[in-house]
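# Tertiary structure, described
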Amino acid sequence: MSSLLKRLEVKRENEFEGESTAWINRDIIPLPPSRRTWGAWSFVGYWLLTGFNISGWSTASSLLGLGLNVWQAMVSVVIGQLIVACAVVANGFVGAEWHVGFPIYNRFVWGVYGSFFPLLMRILLSIVWYGVQLVFGGMSVKVVIGAIWPSFYTLRNTLPGSAGIETNDLIGILIFAALSVPLMLVPPEHFRKPFLVGSIVITITTFSIFVWAVAKEGGGGPLLSHPSKFSGVQPLTGGAKLGWAMAYGISSTIGSICAGILNQSDYTRFASYPRAQIVSQLVIVPVSSITIALFGVIVTSCAADFYPEEGLLWAPYDLLRAIQTHGGPGARAACFFAGCSFVLSQFGINIPGNAVSGGIDMSGLLPKYINIRRGAYLTAIIGIAICPWKLLTGSSIFLTVLSSFAIFLGPLTGVMISDYLLVRHSMLRLAHLYMPNTRSIYYFTYGVNFRAVISWVFGVWPLMPGFRSSVSASSASVSDGWIHVYDLAWPLGFSISAFVHVILSKAFPPVDLGVVDDDDVFGTFSEKDHLNELVAAAASETDLESVSKSMSVVCS
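Keep in mind it's a predicted model, so treat the numbers as computed, not measured. Within every chain, residues take consecutive numbers counted from 1 along the sequence as written. Under the rules for a predicted model, residues below a pLDDT of 70 receive no local features and side-chain atom pairs below 80 are neither given nor counted, while totals for whole chains, interfaces and linings still include all residues. Note that water and hydrogens are dropped before the side-chain values are worked out from all heavy atoms of the structure.

Our next topic: the overall build of the protein chain. What counts as a helix is a DSSP run of H or I of at least four residues, what counts as a strand is a run of E of at least two, and both are numbered from the N terminus. When its secondary structure is counted, the protein chain shows 23 helices and 0 strands. Counting over 556 residues, the protein chain shows a buried share of 57%. Whether two residues touch is decided by their heavy atoms; if any such pair falls within 4.5 Å, the residues are in contact. Across the protein chain, the fraction of contacts at a sequence separation of at least 24, relative to all contacts at a separation of at least 6, is 82%. Only the protein chains shown count as cover for residues, with accessible areas throughout obtained via the Shrake-Rupley method and a probe of 1.4 Å. For the protein chain, the exposed surface amounts to about 22000 Å²; the carbon and sulfur share of it is 66%. Buried, partly exposed and exposed residues are distinguished by accessible area as a fraction of the type maximum, computed with a 1.4 Å probe on protein chains only: under 20%, between the cut-offs, and over 50%, respectively.

The next thing to look at is the packing of helix 7 (residues 116–148) against helix 17 (residues 372–385). Lines fitted to the C-alpha atoms define the axes, with helices restricted to the stretch that makes contact. Angles between their N-to-C directions range from 0 to 180 degrees. In the contact formed by helix 7 and helix 17, the axes pass within 8 Å of each other and the chain directions differ by 65°. Compared by their axis directions, helix 7 and helix 17 come out roughly perpendicular. Read as a crossing pair, helix 7 and helix 17 show a hand that is right-handed. Along its contact with helix 7, which presents Ser-126, Ile-127, Tyr-130, Gly-131 and Leu-134, the element helix 17 presents Thr-379, Ala-380, Ile-382, Gly-383 and Ile-384. For classification, angles of less than 35 degrees are called roughly parallel, those exceeding 145 degrees roughly antiparallel, those between 65 and 115 degrees roughly perpendicular, and all remaining angles oblique. Here is the rule for handedness: rotate from the far helix to the near one, and if that takes an anticlockwise turn smaller than a right angle the crossing is left-handed, while a clockwise turn gives right-handed.

As a rule of thumb, nonpolar side chains are buried together in soluble globular proteins. We define the nonpolar core as a collection of buried residues of types Ala, Val, Leu, Ile, Met, Phe, Trp, Tyr and Cys that are connected through side-chain atoms lying within 4.5 Å of one another. Formed by 149 residues in total, the largest nonpolar core has its most connected members in Trp-38, Phe-108, Tyr-307, Leu-319, Leu-409, Tyr-420 and Trp-490. Residue contributions to this core peak at 17 residues, all from helix 7. Beyond its immediate stretch of four places on either side in the chain, Trp-490 contacts Ile-83, Ala-87, Ser-251, Ile-254, Cys-258, Ile-261, Ala-406, Leu-409, Gly-410 and Thr-413.

Its location among the elements puts Ser-288 in helix 14 (residues 278–306). When neighbours within four sequence positions are excluded, Ser-288 is seen to be in contact with Trp-47, Leu-48, Gly-51 and Phe-52.

What follows is about empty space enclosed by the protein. Cavity and pocket criteria rest on a 1 Å grid covering protein atoms alone: a 1.4 Å probe that fits but cannot get out defines a cavity, protein on both sides within 12 Å along at least 5 of 7 lines defines an open pocket, and an atom within 4 Å of a point defines a lining residue. Grid points are joined across faces, edges and corners, and a volume is the space filled by probe spheres set on the points. Tallied over the entire structure, the rule returns 5 cavities of 30 Å³ or more. If you add up the space inside the largest cavity, you get close to 560 Å³. If you go around the largest cavity, you meet 34 residues; those closest to its centre are Thr-50, Ser-55, Ser-256, Ile-257 and Ile-349. In terms of residue count, helix 2 (residues 40–51) provides more of the lining of the largest cavity than any other element does, 4 residues in total. Under this grouping Gly is polar, as are all residues other than the nonpolar Ala, Val, Leu, Ile, Met, Phe, Trp, Tyr, Cys and Pro and the charged Asp, Glu, Lys and Arg. Counted by class, the lining of the largest cavity contains 15 nonpolar, 18 polar and 1 charged residues.

It is worth spelling out the pattern of salt bridges at this point. Side chains carrying opposite charge are able to pair once their charged atoms draw close together. The term salt bridge refers to a side-chain nitrogen of Lys or Arg lying within 4 Å of a carboxyl oxygen of Asp or Glu. According to the stated counting rule, one finds 5 salt bridges in the structure shown. One salt bridge connects Arg-35 with Asp-27, and the closest N-O pair in it is separated by 3.6 Å. Judged by relative accessible area, which is 3%, Arg-35 ranks as buried. With a closest N to O distance of 3.4 Å, Asp-517 and Arg-429 form a salt bridge.

Before going further, it helps to examine the environment of Met-139. Positionally, Met-139 belongs in helix 7. On the basis of relative accessibility, which here comes to 14%, the residue Met-139 falls in the buried class. Between the C-alpha atom of Met-139 and that of Phe-342, which follows or precedes it by 203 residues, the distance is 9.5 Å. If near-sequence neighbours (up to four positions away) are discounted, Met-139 is found in contact with Asp-169 and Tyr-317.

Examined against the element boundaries, Glu-189 turns out to sit in the loop between helix 8 (167–183) and helix 9 (192–217). Leaving out residues up to four positions away in the same chain, Glu-189 has contacts with Arg-35, Thr-37, Trp-38 and Phe-270.

At a minimum axis separation of 8 Å, helix 19 (residues 450–460) and helix 22 (residues 489–507) run at an interaxial angle of 150°. The pairing of helix 19 with helix 22 is recorded here as roughly antiparallel in orientation. The chirality of how helix 19 crosses helix 22 is right-handed. When helix 19 is examined against helix 22, the residues Arg-451, Ala-452, Ile-454, Ser-455, Trp-456, Phe-458 and Gly-459 are found in contact with a partner set consisting of Gly-493, Ile-496, Ser-497, Val-500, His-501, Leu-504 and Ser-505. Partitioned by chemical class, the residues of the contact of helix 19 with helix 22 number 7 nonpolar, 6 polar and 1 charged.

Excluding glycine, a negative phi dihedral is what most residues carry, and trans is how most peptide bonds are arranged. The backbone phi angle of His-99 is positive, close to 65°, even though this residue is not glycine. Backbone geometry at His-425 places phi at a positive 50°, although glycine is not the residue there. Among the secondary structure elements, His-425 is positioned in the loop between helix 18 (395–423) and helix 19.

A separate point is the packing of aromatic side chains. Pairing of aromatic rings covers Phe, Tyr and Trp, the last counted by its six-membered ring, and requires centre-to-centre distances within 6.5 Å; plane angles under 30 degrees mean stacked, over 60 mean edge-to-face, and any other angle means tilted. Following the criterion strictly, the structure yields 31 aromatic pairs and no others. Between Trp-57 and Phe-342, the aromatic rings sit 6.2 Å apart at their centres with planes inclined by 90°, giving edge-to-face as the arrangement. With a gap of 285 residues between them, Trp-57 in helix 3 (residues 54–57) and Phe-342 in helix 16 (residues 329–365) connect regions that are remote in the sequence. Both residues of the pair, Trp-57 and Phe-342, belong to the buried class.

What follows deals with the environment of Ile-496. With respect to the helices and strands, Ile-496 occurs in helix 22. With a relative accessible area of 23%, Ile-496 lands in the partly exposed category. Separated by 40 residues in sequence, Ile-496 and Trp-456 have C-alpha atoms that sit 8.5 Å apart. Not counting residues up to four positions away in its chain, the partners in contact with Ile-496 are Phe-458, Gly-459 and Pro-462.

Our next topic: a nonpolar patch on the surface. Exposure above 30% relative accessible area and no salt bridge define the residues that can form patches, which grow by joining like charges within 9 Å and nonpolar side chains of Val, Leu, Ile, Met, Phe, Trp and Tyr within 5 Å. A surface patch of nonpolar side chains, about 710 Å² in accessible area, is lined by Phe-450, Val-453, Ile-454, Val-457, Phe-458, Trp-461, Trp-482 and Phe-508. Of the residues forming the nonpolar patch, the biggest block, 5 residues, is contributed by helix 19. Among the structural elements, Trp-461 can be located in the loop between helix 19 and helix 20 (464–471). By relative accessible area, Trp-461 is classed as partly exposed at 47%.

Here the focus is helix 11 (residues 239–255). Given a helix with a known number of residues, its expected span is that number minus one, times 1.5 Å. Its 17 residues give helix 11 an end-to-end C-alpha distance of 24 Å, which sits within 8% of 24 Å, the value for a rise of 1.5 Å per residue. Burial of helix 11 is extensive: 12 of the 17 residues sit out of reach of the surface. All of the buried residues along helix 11 are Leu-242, Ala-245, Met-246, Ala-247, Tyr-248, Gly-249, Ile-250, Ser-251, Ser-252, Thr-253, Ile-254 and Gly-255.

As a per-residue measure, pLDDT reflects the predictor's confidence and takes values from 0 up to 100. Taken over all residues, the pLDDT of the protein chain has a mean of 85, while the share at 70 or more is 89%. Mean pLDDT in the protein chain bottoms out at helix 23 (residues 544–550), which sits at 44, and peaks at helix 19, which reaches 97. The low-confidence segment residues 529–556, where pLDDT is below 50, has 77 contacts with residues more than four positions distant or belonging to other chains.

Here is the structure:
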């Protein structure tokens with residue numbers, strides 16, 4: 001068994017690297033200048049590629065099921081995305097300034113052992129979201145194949161009803177999954193050019209579809225003036241019900257990206273300079289998300305008039321199939337290229353946003369045996385094994401799932417941001433983040449920061465009654481007050497946990513606040529000419545002296 005474990009250990013990539021241990025490998029150290037390649041435009045490309053995608057396209061459309069009209073839904077999206085932009089930048093400061101990712105971020109927030117709790121939660125989300133986006137990518141592949149061979153749409157289904165999916169859909173998903181595998185070999189520091197190309201292609205495609213739909217319809221379509229006629233939901237005309245529905249819409253909008261907010265430092269650690277992520281993300285995050293949501297709802301509205309027998313075509317792949325069905329040879333060619341663009345956009349959101357993200361987090365969980373590449377493959381394998389298409393059985397269920405994540409991640413994000421910005425005032429001691437013993441200032445009590453635990457619980461518990469009511473099949477009686485609290489899931493949980501964490505940290509201050517390393521231990525801020533050997537064993541006997549002298553992993 002020992003020989004097998006030895007063979008499974010992460011191998012050094014060159015002669016200058018030290019051995020990986022239970023607490024460190026080259027993928028979770030503070031990144032040196034040579035690996036920090038993302039400038040401001042890299043973040044713009046990233047958010048265009050991840051924002052202009054299938055799930056973003058249908059965001060506002062899904063909110064119509066709450067009884068909102070188009071403009072009420074868009075107001076909810078706008079407010080939600082403005083909050084998202086602020087949260088993304090605030091939670092990205094750690095990565096941009098200290099160049100550590102989510103796994104290491106939580107070591108100073110939760111403690112070196114307590115950090116495993118948020119880490120496991122984020123890994124779970126990476127797996128689930130990888131599977132969901134995999135389905136969307138597979139449906140886009142189906143459009144591409146159907147444009148070449150239209151008979152693929154009517155391919156005989158050989159799967160039982162219990163599978164929850166038809167044969168042609170499964171083929172598309174498996175092809176998309178197979179094409180994703182080689183893309184996981186690309187290191188994150190080399191994502192700049194793929195981001196540029198992908199963002200240009202998908203931006204042109206979505207703008208083209210939008211202009212075509214509006215020009216063909218001669219306006220925004222019937223959904224803008226008569227939403228209830230198509231959605232089948234009685235409109236909310238005013239009063240408290242409308243207000244709370246919009247509040248739920250705002251929370252759901254944040255919930256759809258709350259996993260990305262949580263581990264934002266996994267991306268900002270690649271920033272070439274600290275300010276690269278600030279203005280670019282404050283602008284592009286809301287602009288890209290609001291634009292694609294507006295395009296989606298207006299194109300859906302126009303399509304309702306073009307193809308009334310098709311119903312509301314919420315997803316682009318359904319729309320493209322309808323266009324091909326009711327169009328001629330030119331429509332087939334257009335659908336082929338549009339389908340390819342959405343396939344590309346799904347690669348853009350699923351590889352860096354879920355597979356690589358999951359890989360980074362898994363490398364923080366078991367750095368001796370898992371690096372980014374291995375973690376990405378594990379995320380992909382488990383992501384398809386959970387049969388993600390069964391999660392997408394209806395828009396209301398999908399919204400519930402998104403908000404369910406928000407009740408746990410809002411408080412978690414509140415604790416993280418408040419700890420770094422308000423408690424520690426952006427000062428860290430990097431060497432101590434890799435010391436799993438009492439010599440580390442981040443060991444706290446038995447490796448767990450009780451302040452973070454208590455703060456997180458305070459933020460989650462008020463949301464639990466409403467959460468239970470929303471997901472329970474029984475008609476358990478929950479008062480309207482608890483339901484309304486749940487409608488504010490992410491913002492309320494974030495605020496409560498942040499407030500409690502600051503109060504507890506003032507009442508019981510952590511040790512050595514404001515202290516930083518005397519030396520640039522990891523070569524984080526100035527590349528070292530001569531790299532020291534990685535510490536032989538970062539285990540219980542590790543102390544500050546050994547870390548300071550030898551904990552340096554190659555960054556080339």
